[in-house]
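Report on the structure
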Amino acid sequence: MAARPIVIYGDPVLREKAEPVIEIDRETKNLVRDMITTLQEASGLGLAAPQVGVSRRIFIADLSALDLAESMRVFINPEILETSGEVVLEEGCLSFPGIYQKISRPEHVKVRATDLEGNLFELEVSGMLARVILHEFDHLEGKLFIDYLSTVSRALMKSKLKKLSAAS
Ligand SMILES: [Zn+2]
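Overview of the structure. Please read all numbers here as calculations on a predicted model, not as lab measurements.

Here the focus is unusual backbone geometry. Glycine aside, residues mostly have negative phi angles, and peptide bonds mostly take the trans form. Look at Ser43: it is not a glycine, yet its phi comes out positive at around 50°. With phi around 45°, Asn77 is a residue other than glycine that occupies positive phi space.

Now the structure itself:
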């Protein structure tokens, strides 16, 4: 189990639609374990496989730093079944170090996914976990949080984004 380098904005893998996981084999398990180590070392709330350069439909979410009742959750081949409400929250992304923006997203989400043991599960959540799930799911579609910004906000961030993509 080793942390993998986090892909920074500008890398084309972040814009790819990720491939479904066919089998939870050793390679998948190793990937997820490495993602968990990577997320913990980065002190992030969520991480999607494309962020470590692997275009697979896997993400993890860990809210244990914010909520003691929470633990690391693994989502393989996730599907968003329902969303409702709307809430504006400040978001960051490990692929955009130093950038935080207020983004509007649904407040509640119902998601179906497979866990690392191969069990299908459904989860209906709101609040920060819903936010992380929607953000990470977007990564599997090649969508990034800056896509939700207004043209004005994006223009204001242009030089910051340029710096990130030049360094990657
Ligand atoms: Zn992200």
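Moving on from the coordinates now.
With that settled, consider the coordination of the zinc ion. Around the zinc ion, the protein contributes the donor atoms Cys93 (SG), His135 (NE2) and His139 (NE2), which lie 2.0 to 2.2 Å from the metal centre. Donor residues for the zinc ion sit on one chain with the sequence pattern C-x41-H-x3-H. Of this pair, Cys93 sits in the loop between strand S4 (87-91) and strand S5 (101-105) while His135 sits in helix H2 (residues 127-140); the two residues are 42 residues apart in sequence, bridging distant segments of the chain.

Here we come to the layout of surface pockets. In this model, the largest pocket occupies a volume close to 360 Å³. For the largest pocket, the lining is made up of 22 residues, of which Leu45, Glu91, Gly92, Cys93 and Leu94 are closest to its centre. With 6 residues, the top contributor of residues to the lining of the largest pocket is H2. Residue composition of the lining of the largest pocket, grouped by class: 10 nonpolar, 8 polar and 4 charged.

Let's shift gears to helix H3 (residues 151-167). Compared with an ideal rise of 1.5 Å per residue, which puts 17 residues at 24 Å, H3 spans 23 Å between its outermost C-alpha atoms and is within 8% of the ideal. Along H3, the sharpest kink reaches roughly 55°, centred on Lys158. For H3, the complete set of buried residues consists of Met157, Leu161 and Leu164. Its buried side turned inward, H3 meets S5.

Once that is clear, we can look at the packing of aromatic side chains. Two aromatic rings are characterised by how far apart their centres lie and by the angle between their planes. Summed over the entire model, instances satisfying the criterion amount to 4 aromatic pairs. Plain terms: the ring middles of Phe59 and Phe75 are 4.6 Å apart, the flat faces sit at 25° to each other, and that makes the pair stacked. Here the residue Phe59 occupies a position in strand S2 (residues 58-61), and Phe75 occupies one in strand S3 (residues 73-84), the gap between them amounting to 16 residues. Under the relative-accessibility criterion, Phe59 is labelled buried at 0%.

Positionally, Thr38 belongs in helix H1 (residues 26-42). Since its relative accessible area comes to 3%, Thr38 is described here as buried. Other than its neighbours up to four places away in sequence, Thr38 contacts Ala2, Ala3, Arg4, Ile6, Leu47 and Val52.

Quick look at the sheet that holds strand S1 (residues 46-48) now. Here 5 strands make up an open sheet; going across it, the order is S1-S2-S3-S6-S7 and the pairing antiparallel. The open sheet has two edge strands with one neighbour each: S1 and strand S7 (120-126). Put simply, the sheet's adjacent strands are angled 35° from each other on average, direction ignored. In this fold H1 packs onto S1, S2 and S3, with an angle of close to 35° to the strand it touches most, S2.

Criteria and cut-off values
Residues numbered from 1 in each chain as written. Predicted model: local features only at pLDDT ≥ 70, side-chain atom pairs only at ≥ 80, totals over all residues. Heavy atoms only, no water. Donors = N, O, S within 2.8 Å, 3.2 Å for Na, K, Ca; no water. Helix = DSSP H or I, 4+ residues; strand = E, 2+ residues; numbered from the N terminus. 1 Å grid on protein atoms, 1.4 Å probe; cavity = no way out; pocket = protein on both sides within 12 Å on 5 of 7 lines; lining within 4 Å. Points joined across faces, edges and corners; volume = space filled by probe spheres on them. Nonpolar A, V, L, I, M, F, W, Y, C, P; charged D, E, K, R; others polar. Expected span 1.5 Å × (residues − 1). Bend = angle between axes of the 7 residues up to and from the residue. Buried < 20%, exposed > 50% of the residue type's maximum accessible area, 1.4 Å probe, protein only. Contact = heavy atoms within 4.5 Å. Phe/Tyr/Trp six-rings, centres within 6.5 Å; stacked < 30°, edge-to-face > 60°. Pairing = 2+ DSSP bridges. Axes fitted to C-alpha atoms, helices over the stretch in contact; angles between N-to-C directions.

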